[in-house]
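# Summary of structural features
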Amino acid sequence: MPADALSCPSCASAHPADERFCSACGMPLVQVGGTPVELSERQERARKIKPQYTEGELVRVAGASNQAEAEFIQGMLLEEGVPSLVRRAAGFDVPDFMAGGPREVLVAASGAPTAHEVLVGAEIIGDGPSRTATETPARLLAGLLLAIAIVAVVIFMGTHVWD
């Protein structure tokens, strides 16, 4: 095998030097016969991510009451290969309490079903259908339109009753 040939650390299949990921399992390839390199914590975390869970728009899969709880959920998802992102929940932006306050855990759309299974199995969320970020504004809009329709009917009925 040539000195610059690559191998998959997971399934040990050989690959040419111009490839970067294993065609069988998607793992990043390493050089064959190279000396083992000590990986940083960041590199170790990156190796856990499964590429098939990184496609699509970000969707909310869980909520947490604080930063520590959100990071715990992130760790659980990462152990299953699902990368995630934590952001502050809307409307809670107090600089004095940087780690406090509600958080949202987001994953790519392709990783959402796996993330949902992991979180249901850990009893962090219920097993009902998960709502995406686009469903909440749609519900809000539907409620607003219903309220406008009711007000219009009341005004219309009030003007005809007094005539």
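For the structure, check the block above.
Below: a short report on this structure. Quick caveat: nothing in here was measured; it's all calculated off a predicted structure.

## Considering the environment of Leu77
Relative to the helices and strands, Leu77 resides in helix H2 (residues 67-79). It is 7.0 Å that separates the C-alpha atoms of Leu77 and Val118, two residues lying 41 residues apart in sequence. Apart from the residues lying within four places of it in its own chain, the contact partners of Leu77 are Val61, Val82, Ser84, Val105, Val107, Ala115, Val118 and Leu119.

## Details of the pattern of salt bridges
Going through the model one piece at a time under the given rule, you end up with three salt bridges. Salt-bridge contacts for Arg60 lead to Glu104; the nearest nitrogen and oxygen are separated by 3.7 Å. On the criterion of sequence distance, the pair formed by Arg60 in strand S4 (residues 58-64) and Glu104 in strand S6 (residues 103-108) is long-range, its members being 44 residues apart. Exposure remark for Glu104: the relative accessible area of 16% places this residue in the buried category. Linking Glu104 and Arg87 is a salt bridge whose minimum nitrogen-to-oxygen distance equals 2.8 Å. Placement of Glu104 in strand S6 and of Arg87 in strand S5 (residues 84-88) is noted, with a sequence separation of 17 residues between them. A network of salt bridges, in which partner residues are shared, links Arg60, Arg87 and Glu104.

## Let's talk about the sheet that holds strand S1 (residues 6-7)
Here we have three strands laid out as an open sheet, ordered S2-S1-S3, and antiparallel in their pairing. The sheet is open, and its two edges are formed by strand S2 (14-15) and strand S3 (30-31), each paired on a single side. As judged from the two bridges shared by S1 and S2, these two strands associate in the antiparallel manner. Of the residues in S2, the one forming a bridge with Ser7 is Ala14.

What counts, and where the lines are drawn
- Residue numbers run consecutively from 1 along every chain, following the written order of its sequence.
- Owing to the predicted nature of the model, reporting of local features is limited to residues with pLDDT of at least 70; listing and counting of side-chain atom pairs is limited to 80 or more, with chain, interface and lining totals taken over all residues.
- In computing side-chain values, all of the structure's heavy atoms are included and hydrogens and water are not.
- Put simply, DSSP H or I for four residues or longer makes a helix, DSSP E for two residues or longer makes a strand, and each gets a number counted from the N terminus.
- Contacts between residues were defined by any pair of non-hydrogen atoms, one from each residue, lying within 4.5 Å.
- Salt bridges are counted wherever a side-chain nitrogen of Lys or Arg sits within 4 Å of a carboxyl oxygen of Asp or Glu.
- Exposure is judged per residue with a 1.4 Å probe applied to protein chains only, and the accessible area is read against the type maximum: over 50% gives exposed, under 20% gives buried, and values in between give partly exposed.
- The rule for pairing is simple: two strands pair if DSSP sees at least two bridges between them.

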